[in-house]
Amino acid sequence: MTIGITGATGFLGSHLLRELLGGGEPITAVVRPKARRSSRDRLMGALAAAGADTATLARATDLVTVVEGDVGKPHLGLDATTYRKLADSLDTVWHSAALVALTGPRDPFTAQNVVGTQGVLDLAAAGARRPRVHHVSTAYVAGGRRDGTVFEDELDDSAGFENYYEASKYEAEVLVRSWARRHHRPVSVYRPSLLLTDQPIPDGAPGHTFATLARIASPFLGDGPVAPSPLLTAADTYLAGTPEGSTSLPLPLPGRPNGTINCLPVEHAVRMMRAVASRPPVNLVDTYHLVSPHETANTDLLAAIAHHLPRMTLTFGPAPASPSPVQRLFYDVVSPFLSFFRHDRRYDRRHLGEATKGITDPAPPDATYLRAAVGSYLYHR
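Residues numbered from 1 in each chain as written. Predicted model: local features only at pLDDT ≥ 70, side-chain atom pairs only at ≥ 80, totals over all residues. Heavy atoms only, no water.

Colleague: What exactly am I supposed to notice about the side chain of Arg349 here?
Modeller: Following the sequence through the fold, Arg349 ends up in the loop between strand E14 (346-347) and helix H12 (350-355). Note on Arg349: relative accessible area 18%, which makes it buried. A polar contact of 3.2 Å, which involves the side chain of Arg349, links it to the backbone oxygen of Val291. Once you skip the residues sitting within four places of it in the chain, Arg349 turns out to touch Glu152, His289, Val291, Ser292, Pro293 and Asp361. (Helix = DSSP H or I, 4+ residues; strand = E, 2+ residues; numbered from the N terminus. Buried < 20%, exposed > 50% of the residue type's maximum accessible area, 1.4 Å probe, protein only. Polar contact = N/O pair within 3.5 Å; in protein donor to acceptor, adjacent residues only side chain to side chain. Contact = heavy atoms within 4.5 Å.)

Colleague: Is there a simple way to explain the packing of aromatic side chains in this structure?
Modeller: Note on aromatic pairs: each is described by the distance of the centres and the angle between the planes. Counted according to the given criterion, the structure contains five aromatic pairs. Ring centres 5.4 Å apart and planes at 25° place the aromatic pair Trp94 and Tyr190 in the stacked group. Of the two residues, Trp94 sits in strand E4 (residues 92-95) while Tyr190 sits in strand E7 (residues 187-192), which places them 96 residues apart along the sequence. Considered together, Trp94 and Tyr190 belong to a single accessibility category, that of buried residues. Residues Phe161 and Tyr170 carry aromatic rings whose centres are separated by 5.3 Å and whose planes lie at 45° to one another, so their mutual orientation is tilted. The class of Phe161 is partly exposed, set by a relative accessible area of 28%. The class of Tyr170 is buried, set by a relative accessible area of 14%. A network of ring pairs unites the aromatic residues Trp94, Tyr190 and Tyr288 as a single cluster. (Phe/Tyr/Trp six-rings, centres within 6.5 Å; stacked < 30°, edge-to-face > 60°.)

Colleague: Sorry, what's going on with the nonpolar core here?
Modeller: The tendency in soluble globular proteins is for nonpolar side chains to be buried as a group. Counting 38 residues, the largest nonpolar core has Ile5, Leu17 and Met273 as the members making the most contacts within it. Among the elements of the structure, strand E1 (3-6), helix H1 (11-20), strand E2 (27-31), helix H2 (39-49), helix H3 (54-63), helix H9 (266-277), strand E11 (285-290) and H12 are those that each provide at least two residues to this core. A per-element tally of this core places H9 first, with six residues. Apart from residues no more than four positions distant in its own chain, Ile5 is found in contact with Gly13, Leu16, Leu17, Leu20, Ile27, Thr28, Ala29, Val30 and Trp94. Core analysis: the next-biggest nonpolar cluster, separate from the first, contains 33 residues, Ala139, Val150, Phe316 and Leu338 among them. (Core = buried A, V, L, I, M, F, W, Y, C linked by side-chain atoms within 4.5 Å.)

Colleague: Explanation requested: unusual backbone geometry in the structure shown.
Modeller: Glycine aside, residues mostly have negative phi angles, and peptide bonds mostly take the trans form. Even without being a glycine, Leu76 presents a positive backbone phi close to 55°. Structurally, the position occupied by Leu76 is in the loop between strand E3 (64-68) and helix H4 (80-89). Leu76 sits in the buried class, given a relative accessible area of 1%. In the Ramachandran plot, Arg130 falls in the positive-phi region, its phi being about 50° despite a non-glycine side chain. Residue placement: Arg130 occurs in the loop between helix H5 (106-126) and strand E5 (132-136). Taking relative accessible area as the criterion, Arg130 reaches 52% and is therefore assigned exposed.

Colleague: Help me understand the pairing of E11 in this model?
Modeller: Each regular strand shows side chains that alternate between the opposite faces of the sheet. Among the six residues that make up E11, five are buried, leaving the element largely enclosed by the rest of the structure. Sheet analysis places E7 next to E11, joined by six bridges and oriented parallel. Across the sheet, Pro192 pairs through a bridge with Leu290, a residue of E11. (Pairing = 2+ DSSP bridges.)

Colleague: Would you explain the layout of surface pockets in this entry?
Modeller: Using a probe with the size of a water molecule, rolled over the atoms, empty space left in the structure can be pinpointed. Volume-wise, the second largest pocket comes out at about 230 Å³. Of all the secondary structure elements, the ones that give two or more residues to the lining of the second largest pocket are E4, E5 and H9. Class assignment for the residues of the lining of the second largest pocket results in five nonpolar, four polar and four charged. (1 Å grid on protein atoms, 1.4 Å probe; cavity = no way out; pocket = protein on both sides within 12 Å on 5 of 7 lines; lining within 4 Å. Points joined across faces, edges and corners; volume = space filled by probe spheres on them. Nonpolar A, V, L, I, M, F, W, Y, C, P; charged D, E, K, R; others polar.)

Colleague: Would you mind showing me how to read the pattern of salt bridges here?
Modeller: When the charged atoms of two side chains with opposite charge come close together, those side chains can pair. In this structure the tally under the stated criterion is twelve salt bridges. A salt bridge links Arg342 to Glu162, with the shortest nitrogen-to-oxygen separation between them at 2.9 Å. Here Arg342, found in the loop between helix H11 (325-334) and E14, pairs with Glu162, found in the loop between strand E6 (149-150) and helix H6 (164-183); they are 180 residues apart in sequence, far enough to count as distant. Of the residues examined, Glu162 reaches a relative accessible area of 21% and is grouped as partly exposed. Between Glu354 and Arg350 there is a salt bridge, with its nearest N and O atoms 3.7 Å apart. Here Glu354 pairs with Arg350, and both are found in helix H12, just four residues apart, close to one helical turn. Taking relative accessible area as the criterion, Glu354 reaches 39% and is therefore assigned partly exposed. Take Arg350: its relative accessible area is 46%, and that puts it in the partly exposed class. Each member of the salt-bridge network shares a partner with another, and the members are Arg146, Glu162 and Arg342. (Salt bridge = Lys/Arg side-chain N within 4 Å of Asp/Glu carboxyl O.)

Colleague: What am I meant to see in helix H10 (residues 298-307) here?
Modeller: Three or four residues apart is the spacing at which side chains of an α-helix point the same way, because the helix has 3.6 residues per turn. Within the span of H10, buried status applies to Asn298, Leu301, Leu302, Ala304 and Ile305. Within H10, the buried residues cover an arc of 155° as seen down the axis, which keeps them to one side. (Arc of directions from axis to C-beta.)

Colleague: Would you mind showing me how to read H2 here?
Modeller: Every buried residue of H2 is listed here: Ser39, Arg42, Leu43, Met44, Ala46, Leu47 and Ala49. Buried residues along H2 sit in contact with H1, E2, H3 and E3. A positive backbone phi angle near 95° is found at Gly51, which sits one or two residues after H2.

Colleague: Even after reading the chapter, I still don't get the sheet that holds E1, so can you show me in this structure?
Modeller: Hydrogen bonds along the backbone pair up the strands of a sheet, which may run parallel or antiparallel. Strand order in this open sheet of seven strands is E3-E2-E1-E4-E5-E7-E11, and the pairing throughout is parallel. Pairing within the sheet leaves two strands with one partner each, and these edge strands are E3 and E11. Across the sheet, the mean angle separating the axes of adjacent strands is 20° when strand polarity is ignored. Strand direction decides the pairing type here: E5 and E7, joined by four bridges, are parallel. Each residue of the ladder has a partner; that of His135, found in E7, is Val189. The strands touched by H3 are E2 and E3; relative to E3, the strand with the most contacts, the crossing angle is about 60°. (Axes fitted to C-alpha atoms, helices over the stretch in contact; angles between N-to-C directions.)

As structure tokens, then:
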């Protein structure tokens, strides 16, 4: 059995690669080339950052073949010979590559997440072995739906979407379902919620939502490797001029203080993905919500973020009518993250539970775990 994987240098993909290496099967990773570092070095670095030990890294050296390509380009950016050879070699395809961001114009999301998915599906259809396809989506294809229970079999765009990332992942799932019907080939779809880890994140590790937040919040971090910046100076100047002589910048954020967010350890997510993949498909398209059975209160996650930002007072509430320049800047840059705090919905996980019997559910994320998870990325560069 030969496994193909895209996105192996990403956050989820690197953890998935580490998990798949435990099966001892040969793996071909399609990795987008970058100028400053070889694709293999980047993949091995991402694997190490995902917690791979020495034995796993040695196994990767023996088992993993790196093919430089780009899912956003025709034929994955491969020449005809390489494309044919890759298509004919695969028994299983894991598509994890995606543009994961909360801001930006539509076109890059369409190119990477929609056209890219179609390209991977075309690859799976072009080979001689009819590989089983595993597609990584997101629980946020539920989009702007605020309340109620989202079921694994649902794919509904009636509530709209918070950003182009969610919309593009919805469009990708539509393609997956159409491809499965057209080719009469089973596909497993995985919808992870907010994936976290409480393990230290080394330099050069794949990016994450909180890593983006770190670049925004770094001037307001407390203890940690943060250099002074013009924004920090502006904040200090503002605070020094307040009548109270405050040492913390008030920042009320719009959101639902009684709402919840689903957070799942990434290590648990990939364990469940491998367990699902070890079972034969049930339907033409099987969809699994990779979510925790325990919801996290919005206030608990906000408290974990605030713990690392002592120069900010984060609360849920309406923004001031006349925000200061520093406050206005932060409202502009944190607004994409506020979509996480708008929901109080639940995710059905019945199919996941049936497919992962024997795997113990993760414990509810407590304050210690959330602080460690947020801190790992806030201080990661």
